[in-house]
Amino acid sequence: MTAPTISTEGLRELLEQGAPVTVLDVRPAAERAEWSIPGSVHADAYDALRRGDPNALADFHPANGGRVVTVCGAGKTSMLAAERLRARGLDAVSLDGGMRAWSLAWNTAEVPCPGSTARIVQLRRTGKGCLSYLIGSNGDAAVVDASLEPQTYHRVADEHGWCIGTVLETHVHADHLSRARALAVDTGARLCLPATDRVSFEYAALKDGDILRVGSTGLRVLHTPGHTPESACYLLDERALFTGDTLFLAAVGRPDLEATPEQSRNRAYVLHASLQRLVALPPKTLILSAHTSEPVAFDGQPISATLGEVQERTSLLREPEEAFVSHILTRLPPTPPNHHRIVALNEAGTLPDDPTELEAGANRCAVA
Ligand SMILES: [Fe+2]
């Protein structure tokens with residue numbers, strides 16, 4: 001017997017609609033701890049399912065009596081789980097491709113931005129934590145840090161009646177494959193990056209102080225090196241700051257990727273200066289970063305905070321230069337998996353046939 005499957009897009013739509021579905025994660029607890037589907041429940045049944053134990057999942061009863069979607073790492077053990085539940089008469093289906101395929105699942109949230117005439121939509125890769133943005137004004141739109149398939153941005157822009165005229169990156173990313181170049185090629189939009197000699201494709205180079213027009217609004221470029229040498233932030237109407245991986249909502253960017261220990265140390269000093277420049281902006285400035293470290297719920301709630309709130313939560317921002325440098329260098333998390341290969345592809349501006357294989361795992365660009 002083979003149980004039916006559901007695609008990532010199918011499950012994404014069910015969760016978006018708030019349909020009565022129980023997502024049952026059958027991976028080992030350690031794998032689940034790394035990343036999970038929001039609202040999913042866990043059954044520690046992986047080994048029992050693999051060895052064909054007839055009692056596997058015997059204790060599991062869906063809370064709402066509705067459909068059950070079983071999930072594992074790649075969609076094989078979840079198939080065994082769905083078969084077992086179907087044998088008990090439950091409406092169970094297996095998530096095709098498992099958590100690896102789920103890496104591309106997404107949802108959106110409108111970001112209110114008082115004082116700006118632009119509208120901001122946050123696009124969240126719930127399966128990985130990447131945050132990207134559509135900024136719309138007068139029918140024109142810009143995309144910041146595209147991490148999803150280009151058609152996703154087309155779809156959301158269409159829904160708002162916007163035409164994507166600009167595609168922007170805050171820096172050369174190390175933990176996801178950038179879709180910026182593919183999106184720019186698709187749409188004919190201008191592709192803008194902070195000036196760098198790292199990439200081998202054509203782009204419009206941005207420098208500190210440049211103003212990019214999007215409809216009737218403007219994005220001001222702030223060069224904020226540290227996380228990477230070229231990292232920049234974009235300030236919309238002096239109200240909302242797209243910070244990439246320079247500043248998160250309770251953490252700062254790591255300075256050590258693709259760097260020697262000595263370069264990391266130098267970058268940490270440079271990052272301190274860049275962050276001091278950002279914290280001098282008005283405390284009401286809305287901070288919109290490129291990553292979150294938690295799976296994103298299907299709740300329509302934007303992931304953002306004011307600069308004042310971020311300062312309160314982030315002790316590194318209050319430290320003098322020497323303490324900042326020594327603390328950041330001693331708190332570095334493990335490096336993201338496959339980051340050398342991801343950086344090489346992002347510098348070349350190419351995408352592999354199956355991006356999810358390289359992109360497995362959580363984002364690790366932050367130091368708290
Ligand atoms: Fe990054």
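Nothing here was measured: the structure is a model prediction, and the numbers come from that model. (Residues numbered from 1 in each chain as written. Predicted model: local features only at pLDDT ≥ 70, side-chain atom pairs only at ≥ 80, totals over all residues. Heavy atoms only, no water.)

**Student:** Which residues make up the coordination of the iron ion, and what values do they have?
**Tutor:** Around the iron ion, the protein contributes the donor atoms His171 (NE2), His227 (NE2) and Asp245 (OD), which lie 2.0 to 2.3 Å from the metal centre. The motif formed by the donor residues of the iron ion, counted along the single chain, is H-x55-H-x17-D. Here His171 is found in the loop between strand S10 (163-168) and helix H7 (180-187), whereas its partner His227 is found in the loop between strand S14 (217-223) and strand S15 (232-236), with 56 residues between them in sequence. Just as His171 is buried, His227 falls in that class too. (Donors = N, O, S within 2.8 Å, 3.2 Å for Na, K, Ca; no water. Helix = DSSP H or I, 4+ residues; strand = E, 2+ residues; numbered from the N terminus. Buried < 20%, exposed > 50% of the residue type's maximum accessible area, 1.4 Å probe, protein only.)

**Student:** Can you explain the pairing of strand S4 (residues 67-71)? Please cite residues and give values.
**Tutor:** Among the 5 residues of S4, 4 are classified as buried, and the element is accordingly described as predominantly covered. Pairing of S4 with strand S5 (residues 92-95) involves 3 bridges; the strand directions are parallel. Bridging from a neighbouring strand, Val69 pairs with Val93 of S5. Of the crossover connections in this fold, the one passing from S4 over helix H4 (residues 77-87) to the parallel S5 is right-handed. (Pairing = 2+ DSSP bridges. Right-handed = clockwise from strand over helix to strand, strands pointing away.)

**Student:** Summarise helix H11 (residues 339-348); cite the residues concerned and give the values.
**Tutor:** Every buried residue of H11 is listed here: His339, Ile342, Val343 and Asn346. Buried residues of H11, seen end-on, are gathered within an arc of 100° and therefore sit on one face of the element. Along H11, exposed side chains directed more than 90 degrees from the buried face belong to His340 and Arg341. As for H11, its buried residues are in contact with helix H12 (355-359). Remark: Gly349 follows H11 within two positions and exhibits a positive phi of approximately 75°. (Arc of directions from axis to C-beta. Contact = heavy atoms within 4.5 Å.)

**Student:** Can you tell me about the sheet that holds strand S13 (residues 211-214), naming the residues and giving the values?
**Tutor:** Read across the sheet, 6 strands follow the order S13-S14-S15-S16-S18-S19 without closing on themselves; strand pairing throughout is mixed. Single-partner strands in this sheet number two, and they are S13 and strand S19 (305-306). Examined bridge by bridge, strand S16 (residues 240-244) and strand S18 (residues 286-289) share 4 bridges and lie parallel to one another. The residue bridging Phe242 from the neighbouring strand is Leu288, located in S18.

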